[in-house]
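Structure assessment
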Amino acid sequence: MKNFTFYSPTFFAFGKDTENDAGKYVKRFGGSKVLIHYGGGSVVRSGLLDRVKKSLEEAGISFVELGGVKPNPRSGLVYEGIELCKKENVDFILAVGGGSVIDSSKAIAAGTLYDGDFWDFYTGKRVENALPVGTILTIAAAGSEGSPDSVITKEEGMFKRGASGDALRPRFSILNPALTQTLPPYQTAAGITDIMAHLHERYLTNTKEVEVTDRLIEGLLLTMIHEGPRVIEDPDNYEARANIMWAGMMAHNNSCGVGRSQDWNSHNIEHELSALYDCAHGAGLAVTMPAVFRYVYKHDVMRFAKLAVRVWGCQMDFDNPERTALEGITALERFLKSIGMPLSFAELGAKEEDIPTLVKALCYGDGRTGSISGFVTLDENDCTKIYQMMVR
Ligand code: NZQ
Ligand code: ZN
């Protein structure tokens, strides 16, 4: 195991009706003038926004609002939010929505306390200071409710990039699984896929002897395999939604990633897809992961075989562990299909002729010099082949 530090100061309030305490928590964590940030309208239609405002009013906290965050959130609204926060002397941001709303809130939080262009944080500058952010989560997926990360797309060039820093970890996150019951099945499935991807990106490690985190990841993946189909079958299943929601937080606050090298190649390869085609991040990962895994599994056949046996229940073939490894990848693919996820470029709306554009952005964007690194280092040629595998 490698040396590590782990700082995860977020306060979690989990369960039914917890959103009604939003005002109390904002007060407790020092907010007096709040920006309520939300998305394209689901929280208005569900009545959640009204309940949150009522809770703030009851706590005597004033607020301004900014809606309109799109999935794959854009820089334009972040600039607008920063202006608004400065003008209104906002001292706390309350994100009401999914990963996109939370990430946009984090970007505004960092940008408001920074004299330069907030995009600097998305091109390598670490976030050291930000307004406090609280979240009320409406979809189990990105894990931003417990993570130190934010992912934003810059409209000019449609570059999708991430920023990081402990200052971006939410002060509190309210997780009421019942709020996720209004999700369309496709979004629920995309969320399940993203959670499983966060677990795989950590499982694919070059660090030896990391049994605690291996076992945590395996346990969470088994939970997702059990609960995913239950919630697709019965969207109102509160208990299944509850398990998925907490798994989503655990998968990405890095409790499963400490002390080990991690992969993130599937995420990097996917981010170019959601940047260019504006597809759901989880759906992009369903297409990306099997291709990446089939391309890299020979780097450590036994790691893939271990996953296949412990998580997918495959029989270990000691004479031919490659067979076991590949069986596990096929089992993942079948699972993703069974919950309604796409598996090919065509289903995603992606085009084969765009592969050179995707590869250029992937391997040369962000100051990269022709490759991406993770479990395996992948150059232009490798990335081209991986995208081609997704065409089918
Ligand atoms: O905008 P509204 O109207 O709210 O609709 C949203 C949106 O259309 C809808 N939705 C959310 N909760 C709902 C609901 N509809 C009905 N009922 C509800 N309860 O779902 C759609 C997707 O929302 P979004 O916030 O985009 O989903 P998600 O949480 O999957 O976030 C995706 C974004 O997070 C980034 C992704 O790249 C993507 O941009 N990620 C952020 C990470 C982080 N900050 O740590 C890590 C992840 O790997 C990921 O990259
Ligand atoms: Zn993700």
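Keep in mind the model is a prediction, meaning the values are calculated, not measured.

1. A closer look at the nonpolar core
Leu35, Ile93, Ile269, Leu273, Phe304, Tyr387 and Met390 are the most contacted members of the largest nonpolar core, which totals 101 residues. In terms of residue count, the dominant contributor to this core is helix α10 (residues 281-296) (nine residues). Formed jointly, this core draws a minimum of three residues from each of two domains, domain 1 (11-179) and domain 2 (185-391). Beyond its immediate stretch of four places on either side in the chain, Phe304 contacts Leu204, Phe293, Val296, Tyr297, Ala325, Ile329 and Phe375. If you look at the next biggest cluster of nonpolar residues, it comprises 21 residues, including Ala13, Leu94, Val96 and Leu179.

2. Quick notes on empty space enclosed by the protein
The tally for this structure, following the rule as stated, stands at two cavities of 30 Å³ or more. In terms of lining residues, the largest cavity is bounded by Ile139, Ala140, Thr180, Leu183, Thr188, Ile192, Val231, Arg241 and Ile244. Of all the elements in the fold, those that place two or more residues in the lining of the largest cavity are α6 (185-203) and α8 (238-252). The residue makeup of the lining of the largest cavity, split by class, is six nonpolar, two polar and one charged. Space inside the second largest cavity adds up to approximately 60 Å³.

3. A look at the site of ligand 1
Surveying the vicinity of ligand 1 reveals 33 residues, the closest of which are Gly40, Ser42, Gly99, Ser100 and His198. Within the contact set of ligand 1, a nitrogen atom lies 2.8 Å away from a side-chain nitrogen or oxygen of Asp103. His271 is positioned such that a nitrogen or oxygen atom in its side chain is 3.1 Å from an oxygen atom of ligand 1. Within the complex, the protein chains bury 89% of what would otherwise be the 960 Å² of accessible surface of ligand 1. Put simply, the parts of the chain that give the shell around ligand 1 at least two residues each are α5 (99-112), β6 (149-154), α6 and α9 (265-277). In terms of residue class, the shell around ligand 1 is built from 10 nonpolar, 19 polar and four charged. Split by domain, the shell around ligand 1 shows at least three residues from each of two domains, domain 1 (11-179) and domain 2 (185-391).

Definitions and limits used
- Residues numbered from 1 in each chain as written.
- Chains lettered and ligands numbered in written order.
- Predicted model: local features only at pLDDT ≥ 70, side-chain atom pairs only at ≥ 80, totals over all residues.
- Heavy atoms only, no water.
- Core = buried A, V, L, I, M, F, W, Y, C linked by side-chain atoms within 4.5 Å.
- Buried < 20%, exposed > 50% of the residue type's maximum accessible area, 1.4 Å probe, protein only.
- Helix = DSSP H or I, 4+ residues; strand = E, 2+ residues; numbered from the N terminus.
- Domains from an automatic or database assignment.
- Contact = heavy atoms within 4.5 Å.
- 1 Å grid on protein atoms, 1.4 Å probe; cavity = no way out; pocket = protein on both sides within 12 Å on 5 of 7 lines; lining within 4 Å.
- Points joined across faces, edges and corners; volume = space filled by probe spheres on them.
- Nonpolar A, V, L, I, M, F, W, Y, C, P; charged D, E, K, R; others polar.
- Near = heavy atom within 4 Å.
- Polar contact = N/O pair within 3.5 Å; in protein donor to acceptor, adjacent residues only side chain to side chain.
- Areas by Shrake-Rupley, 256 points an atom, 1.4 Å probe, with all protein chains shown as cover.

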